[in-house]
Amino acid sequence: MTLAAATELAAAANENLANISNTLIYSAMAVYTLAFFAYIAEWLFGSRSKVGRTAAALTAQTAAKKAPAVTVKKAGGTAVLERPKVVVRAAAGARDVPDGPGAHGGDEQGDLYGRIAISLTVLAFLIEFGGVLTRALSVERAPWGNMYEFNITFSTVAVGVYLTLLALKKNVRWLGLFLITTVLLDLGLAVTVLYTASDQLVPALHSYWLYIHVSTAIFCGAVFYVGAVSTVLYLFKDSYENKLASGGKPGRFANSVLDRLPAAASLDKFSYRVNAAVFPLWTFTIIAGAIWAGDAWGRYWGWDPKETWSFITWVAYACYLHARATAGWKGRKAAYLALIAFGCWLFNYYGVNIFVSGKHSYADVGLGVLQSAGF
Amino acid sequence: MSKTTAPGETPAAAPDDQDLGAAGSQLSTAPAETLTGVPSLGVIGWARWFWRQLTSMRVALLLLLLLALGAIPGSLIPQTGTDATKVAAFEKDHPTLAPIYDKLGLFHVYSSVWFSAIYILLFVSLIGCIVPRTWQFVGQLRGRPPGAPKRLTRLPAYTTWRTEAEPEQVREAALALLRKRRFRAHVAGDAVAAEKGYLREVGNLAFHIALIVMLVAFAWGQLFKMEGNKLVLEGDGFSNTLTQYDDIKSGTLFSTDDLTPFSFTLNDFKGTYEVSGPNKGTPRTYEAALTYSEGAYGKDKKTVVKVNHPLEIGDSKVYLTAHGYAPVVTVRDGKGNIVYSDAVPLLPLDSNVTSSGVIKVLDGYRNAKGVSEQLAFQAFFLPSYAKGNEVSSVFPALLNPVLNLEPYYGDLGVNSGIPQSVYQLDKTHMKGFKDAKGLQMRENLKPGETMTLPNGAGSITYEGTKEWANFQITQQPGSGWALGGAIAAIFGLAGSLFIQRRRVWVRAVQGADGVTVVEMAGLGRSESAKVPEELGDLAGILYDQAPGAPDPDDDSADSSKSPDPQAVPAEGAEK
Ligand code: HEM
C-alpha cells in the first residue's frame, strides 16, 4: 500500500452535521422548486403582452432598408453644460435587433413573479450553501470527495455565479428558468443516484493544490455551464431571427418565448464573454492539477483519463476562441464548438468517472450505485 | 442634425470602405483570410501555397480540432504507458481487434506517429504564424496609429459638437488628454489619431510563444526523464547510481551519466496516527528524516521528506511513496552459530500495516546432520496485536508488535536462475517444520522472544523492529521551463482576452460658418460596450475644454454644412 492510499482514510463523519446537511439539501430543492414555479409564472404572465419587437425591427430593416434613425445630440445654446452623446452602431453584417424585454415581457404581474422567483432562488441558494457547508464540516474536509458532493457544490456555485451577475446588474435575468430547471435535475440526480453517505472514505491528500485545483475546476464548470446555456439560447434565437428576416413565420411558442430573450447578437456576445473570461482560469486549473500531480505522484502529466479530458476540454475551448477570430467560423459554427467544448467538460466530469477508471479516486465512490442502477 | 443609416447593408464594395479599412486595419495581427486561389508557379509556388495554408488560422483551427479528437482514444483504450497489464488483458479479450489497434498505435496514442504528426504540424503552423505576427506587431509599434477615416460617423461609436475654440486648440487639448490616458497619439492632418491596448497583442503573442516553450520543455523532459524506486531501512543509505535502484524506468535519451550525483541516509521514519475517536488510525504525518549530500563531496545536510513534499536536488526529486516495518531477526543453527542477522522489510497489506514477507537464509546454514541447507520463514507481522484479532493489526503504529513465523527448510530454488520476489516463498522444494502434533509449526513472537526449531535445527530470535521507507527518485529536466511557460501562458492569455485594443480619433475643423466642428469616434477590435463608454468619457472631458457653441438657427442648413451630410451604410469594426 502506498502512502497516498493510506492518507485516503478520511475523517469519519459527524453524523449530526451530515443529517443537517441532508435536510438542508432537501429544503433547498423544495425552495428551488417553488422558484421554478415562480419563473414559470413569470413566463406565463409575460406571454400576455404582445411584444414582437424582433419582428418589428427586422421587418423595418428589410422593408424600408432603413435602420432606426440615430439622433446626434445637438449642443444647442440651452444645453451647453450637457455632455455630447455617443452614438453607438452595430457592426457590419450584424442585425440591429433590440434585446427582448425578459421573461416577464413587460407585464407587471409577470415581473412581480420574476422578482419572487429571484428572491426564492437567493433563499434556496443560501440553504443549499448551508447544506454544502455542513457537509464539509461533517467530514472536516472540502465538500468534493465524491460525485454527490461534487454535484451539490457544482449547482451551488452555478447559482452563485448567476446571482453574482444579477447583483452586478448584468442583463441575465432571462437565464433564471433554464438555470433552475437544470439545478433541480442536478440535485435530483445527486440525492437519488449519486448519494453517498457522509461516512464514506474519500481521498484527503494533504496538499493545498488539491483545494486550489478542485475549487477552480468547479467554478470553471459552473461558468462554462452558464456560457453553454446562453449558447443554446443563442442558437434558438438566431434561427428565430433568421426566419423572421427571411420572411418566415415562426410558431406561436417560439414567438412568445424567443421574442422575450435578448437579441441573438447579445446572447452570442454574452456567451463569448463568459467562456473567454474563464478560459484563463481553466488553463490555470489544469496547470494547478499538473503541479499537484507532480508533487503527489511524481509526474506532472501522465495522460490519466481525467488529465486527458481536461486537456481535450481545454483544446476544444481554444478551438472555440480561435473560431471566433476566424472569418468563416463565427456565429453558429463557433457556437456549436462551444457546445462541444462544454460536452467535453461534462464528459470529463460524469463520463470519465463512470466509464473510465483512473487515478482520480473520488470518482470511485458512488460507482457501485451507478452500476447497480444499470449504468 | 440627424442621420439615417442602414447597418448591415452594403459590404466591402463601397469605395469609401477603403478609407475605414486602413483605419481599422492592423487592429490585430491576425492573418487575413485570403486562402483562395490555387498556385500556378511550379514547386516553389506549391510550397508557398502549402506554407500559407499551414499557417492560416483556418488550418490552425482544424489542427486544434484534430488534436482534441486524437487525444480521445488514448483515454478510452488502455495504454501501455499507464497500465501495461490492462493492455495485456485487452489483447487477450480482443484477439482480432488488438493487432489492428496495435498497428494504429492505439495502445500508445500519445507517442504514436499520427498523434505526433498532428501536434508537430500544429506547432510548425504556430511558429509560422507567430514569427510574421511578431514582425508585424513590431512594425505597428514603430509606426503610428493610422489617421482618421474620412467619415467618422461610420464608426461604431461617434459623437460630435460645435465649439468656439480654435481647431488647433481642440486638437492640442485632445492630444494632451489622450496621452494622459496612455494612448499613443499624434496629430495627422486635421485630426488626432490615438491607439491603446497594445498589451493585448503582446499577451497573445506571449501566450502562443509560451505554448511552444511548454511543448519543447515537455518533449525534453520525456526524452531525458528517469524514474526509479528504492526501499531504504532506517539507518541505511542510498547513493544515486544505477545499481542501487530496486527498479528504474527512463526516457530514450537518458544515460546513467545524467543521474544527479547525490546520496542520503534515512535517519528516522516517523508515522503519527490519530489515536482515538472515529478517525482512529488515520495517518496524520509521515516523515522521513534524511541526511543528504549533493555531488560527490557535498556537505551533509539534514531534511525531512513528507508526502507531497519531495526533496529536490538539481533536476532530481526524491518522493516518499510508501513505508512499512522490517523486523530484525537472528537465525542460529543447531550449534548456536549465527547464520543470519538482519532487518527484513515486509510489505504492508492494509491501512493498519498488517505486513507479510519472507525471511530467507540462503547460505551458511547446516542442519542437525551437518548438511548444507536453506531456511525460510514465512513472516506475518502485526504492529499492533490485540487478543482475539489474530490476522490483522488493529493500529498502524508499533504499539504491541507481534511477528508470526512459519519455518521451512530445503531448497529455495534461487540458484535456478529464475528471478524471484524477495517477498514470496516458492515452496516447491521446501518442507515445513512440524510441531509436536505433526502440524505446520507456527508461532507468535514478541520482541526479544525466540522460536526454537525442532530436533536441534536451530532457532530464530525476533530482536526488534526497524521501519523502512520507499523512495521514488525522479528526474524530469525541463519542468522548470514548462512551469515558466505555463505561467507566461496564463498571463498572456489573460492579457489577450481581457485587454481591448482600440483607436480613438478626434477631428476638429472649421465649419463654413466659422465655428469649429469637433467629431470624435472610437473603434475596438470587437464590439464592446467599453469603447463607447470610454469615448463618452473622453468627449466629456474634452467638451469641458472646448465647450459647445450654440447651433446655427437653421437646422436644415446645418445638416448641409456638417462634414458628413449623407446617409451612409454603417460599417463598423469587426472581430
Ligand atoms: C497550439 C495550439 C494553439 C492554441 C491552444 C491556441 C489558443 C489560442 C487562444 C485561446 C486564443 C484566444 C485569444 C484571443 O482571442 O485573443 C488564440 C488566439 C489567436 N491564435 Fe491561437 N492557438 C494555437 C495555435 C495557433 C496557431 C497555429 C495560429 C496561427 C495560425 C494561431 C493564431 C492565433 C491568432 C492570430 C489569434 C488571435 C486572434 C485574434 O486576434 O482575435 N494560434 N489562440
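All residue numbers here refer to positions counted from 1 along the written sequence of the relevant chain. All chains are assigned letters beginning with A, and all ligands numbers beginning with 1, in the order in which they are written. For a predicted model such as this one, the threshold for reporting local features is a pLDDT of at least 70, and the threshold for listing and counting side-chain atom pairs is 80 or more; totals across whole chains, interfaces and linings nevertheless cover every residue. The side-chain quantities take in all heavy atoms of the structure and omit both hydrogens and water.

Here we look at the overall build of chain B
Link 1 in the chain: Numbering of helices and strands runs from the N terminus, with a helix taken as a DSSP run of H or I at least four residues long and a strand as a DSSP run of E at least two residues long. Scanning chain B from N- to C-terminus turns up 11 helices and 23 strands.
Link 2 in the chain: Once local pairs closer than 6 in sequence are excluded, the contacts in chain B between residues at least 24 apart make up 66%.
Link 3 in the chain: Method for areas: the Shrake-Rupley scheme with a 1.4 Å probe, in which residue coverage is limited to the protein chains shown. Taken as a whole, chain B presents about 27,600 Å² of accessible surface, with 57% of it coming from carbon and sulfur. Contact definition: two residues touch when any of their heavy atoms are within 4.5 Å.

Quick notes on the UniProt feature "transmembrane region" (unreviewed entry) in chain B
Residue and element names in this part refer to chain B.
Link 1 in the chain: UniProt positions are given in the numbering used here, feature names are shortened, and annotations may be inferred rather than shown by experiment. In the numbering used here, UniProt assigns the "transmembrane region" (unreviewed entry) feature to residues 59–77, 113–135, 205–224 and 480–499.
Link 2 in the chain: Helix makes up 100% of residues 113–135 and strand 0%, whereas the separation of the span's terminal C-alpha atoms amounts to 33 Å.
Link 3 in the chain: Helix makes up 100% of residues 205–224 and strand 0%, and the two end C-alpha atoms of the span are 29 Å apart.

Focus on the pairing of strand S10 (residues 301–306) of chain B
Residues and elements named next belong to chain B.
Link 1 in the chain: Inspection of the sheet shows strand S9 (residues 283–294) paired to S10 by six bridges, in the antiparallel sense. Looking at the pairing, Glu287 lines up with Lys306 of S10.
Link 2 in the chain: At least two DSSP bridges between two strands are needed for those strands to be called paired. Counted along the chain from S9 to the antiparallel partner S10, the turn is six residues long, and its residue Gly295 has a positive phi close to 70°.

Quick notes on the packing of aromatic side chains
All names here are of chain B.
Link 1 in the chain: Centres within 6.5 Å make a pair out of two Phe, Tyr or Trp rings, where for Trp the six-membered ring is used; the pair is then stacked when the planes are under 30 degrees apart, edge-to-face when over 60, and tilted otherwise. Throughout the structure, instances matching the rule amount to 43 aromatic pairs over all chains.
Link 2 in the chain: Plain terms: the ring middles of Phe115 and Tyr119 are 5.9 Å apart, the flat faces sit at 70° to each other, and that makes the pair edge-to-face. Of this pair, Phe115 and Tyr119 both sit in helix H6 (residues 113–142), four residues apart, roughly one helical turn.
Link 3 in the chain: Throughout this description, buried means an accessible area under 20% of the type-specific maximum (1.4 Å probe, protein chains only), exposed means over 50%, and partly exposed covers the range between. Overall, Tyr119 belongs to the partly exposed group, its relative accessible area being 23%.

Some thoughts on the site of the ligand
Link 1 in the chain: One heavy atom within 4 Å of a molecule or strand is enough for the residue carrying it to be called near that molecule or strand. Inspection of the region around the ligand gives 30 residues, with A:His322, B:Cys129, B:His208, B:Ser496 and B:Arg525 positioned closest.
Link 2 in the chain: More than one chain approaches the ligand, the contributing ones being chains A and B.
Link 3 in the chain: In this structure, A:His322 approaches the ligand through a side-chain N or O atom, which is 2.5 Å from a nitrogen atom.
Link 4 in the chain: N or O atoms within 3.5 Å of each other form a polar contact, as long as, within protein, one can give a hydrogen and the other can take it, and as long as residues adjacent in sequence are counted only when both atoms are side-chain atoms. Between the ligand and B:Ser496, the relevant distance is 2.5 Å, taken from an oxygen atom to a side-chain nitrogen or oxygen of the residue.
Link 5 in the chain: Mapped onto the shell around the ligand, the elements with two or more residues apiece are helix H10 (305–325) of chain A together with helix H3 (57–76), H6, helix H8 (199–224) and helix H9 (479–498) of chain B.
Link 6 in the chain: Following the grouping adopted for this structure description, the nonpolar residues are Ala, Val, Leu, Ile, Met, Phe, Trp, Tyr, Cys and Pro, the charged ones are Asp, Glu, Lys and Arg, and the polar ones are all others, Gly among them. Its residues assigned to classes, the shell around the ligand comprises 18 nonpolar, eight polar and four charged.

A look at the environment of B:Lys427
All names here are of chain B.
Link 1 in the chain: Turning to its location among the elements, Lys427 is positioned in the loop between strand S17 (402–410) and strand S18 (430–432).
Link 2 in the chain: The exposure class of Lys427 is partly exposed, given its relative accessible area of 39%.
Link 3 in the chain: Sequence-wise, Lys427 and Gly410 are 17 residues apart; in three dimensions their C-alpha atoms are separated by 8.8 Å.
Link 4 in the chain: Apart from the residues within four sequence positions on either side, Lys427 is in contact with Gln378 and Tyr408.
Link 5 in the chain: In terms of polar contacts, Lys427 uses its side chain to reach the side chain of Tyr408, at 3.3 Å.

A few points about the confidence of the model for chain A
All names here are of chain A.
Link 1 in the chain: Confidence of the prediction at every residue is given by pLDDT, a number between 0 and 100. Residues of chain A with pLDDT of at least 70 account for 75%, and the chain-wide mean is 77.
Link 2 in the chain: Ignoring residues within four places in sequence, the model shows residues 62–81, a span with pLDDT below 50, making 50 contacts including any to other chains.
Link 3 in the chain: Within the model, pLDDT remains below 50 along residues 359–375, and this stretch shows 31 contacts once partners closer than five positions in the same chain are excluded.

Some points on the side chain of B:Gln475
Residue and element names in this part refer to chain B.
Link 1 in the chain: Relative to the elements of secondary structure, Gln475 occurs in strand S21 (residues 458–475).
Link 2 in the chain: Overall, Gln475 belongs to the buried group, its relative accessible area being 5%.
Link 3 in the chain: Reaching out from Gln475, the side chain makes a polar contact with the backbone oxygen of Asp258 at a distance of 2.6 Å.
Link 4 in the chain: Side chain to side chain, Gln475 and Thr260 meet in a polar contact 3.5 Å long.

Details of the sheet that holds strand S4 (residues 191–196) of chain B
Two pairing modes exist for strands in a sheet, parallel and antiparallel, and in both the strands are linked by backbone hydrogen bonds.
Link 1 in the chain: Across the sheet, which stays open at both edges, the six strands sit in the order S2(A)-S2(B)-S23(B)-S22(B)-S4(B)-S3(B) with antiparallel pairing between neighbours. A single partner strand is all that each edge strand has here, and the edge strands are strand S2 (87–88) of chain A together with strand S3 (184–188) of chain B.
Link 2 in the chain: One ladder, built from five bridges, connects S3(B) with S4(B); its direction is antiparallel. Bridged to B:Arg184 within S4(B) is B:Glu195.

Notes on the UniProt feature "transmembrane region" (unreviewed entry) in chain A
Link 1 in the chain: Here the UniProt feature "transmembrane region" (unreviewed entry) sits at residues 24–45, 116–138, 150–168, 175–196, 208–236, 276–297, 309–327 and 334–352 of chain A.
Link 2 in the chain: Annotation note: span residues 276–297 of chain A, helix share 100%, strand share 0%, distance between end C-alpha atoms 31 Å.

What about the packing of helix H2 (residues 15–46) of chain A against helix H4 (residues 108–139) of chain A?
Residues and elements named next belong to chain A.
Link 1 in the chain: For helices, the fitted axis covers only the stretch in contact; all axes are lines through C-alpha atoms, and the angles between them, taken along N-to-C directions, range from 0 to 180 degrees. Where H2 meets H4, the closest approach of the two axes is 7 Å, and the angle between their N-to-C directions is 165°. One way to sum up the angle between H2 and H4 is to call them roughly antiparallel. Helix-helix and strand crossings are classified by hand; for H2 and H4 the assignment is left-handed.
Link 2 in the chain: A class-by-class count of the residues in the contact of H2 with H4 yields 25 nonpolar, 11 polar and three charged. Here the word oblique covers every angle except those under 35 degrees (roughly parallel), over 145 (roughly antiparallel) and from 65 to 115 (roughly perpendicular). Two helices cross in a left-handed way if the nearer one is turned anticlockwise from the farther one by less than a right angle. They cross in a right-handed way if the turn is clockwise.

Some remarks on the side chain of A:Arg324
Link 1 in the chain: Within the secondary structure layout, A:Arg324 lies in helix H10.
Link 2 in the chain: For A:Arg324, the side chain forms a polar contact with the side chain of A:Asp268, separated by 3.0 Å.

Quick word on the sheet that holds strand S8 (residues 262–273) of chain B
Residues and elements named next belong to chain B.
Link 1 in the chain: Ordered by their spatial adjacency, four strands build an open sheet running S6-S8-S9-S10, and the pairing between neighbours is antiparallel. Each having just a single partner strand, strand S6 (237–239) and S10 make up the two edges of the open sheet. Direction aside, the axes of adjacent strands within the sheet are offset by 30° on average.
Link 2 in the chain: Taken together, the 11 bridges between S8 and S9 define a ladder with antiparallel strand orientation.

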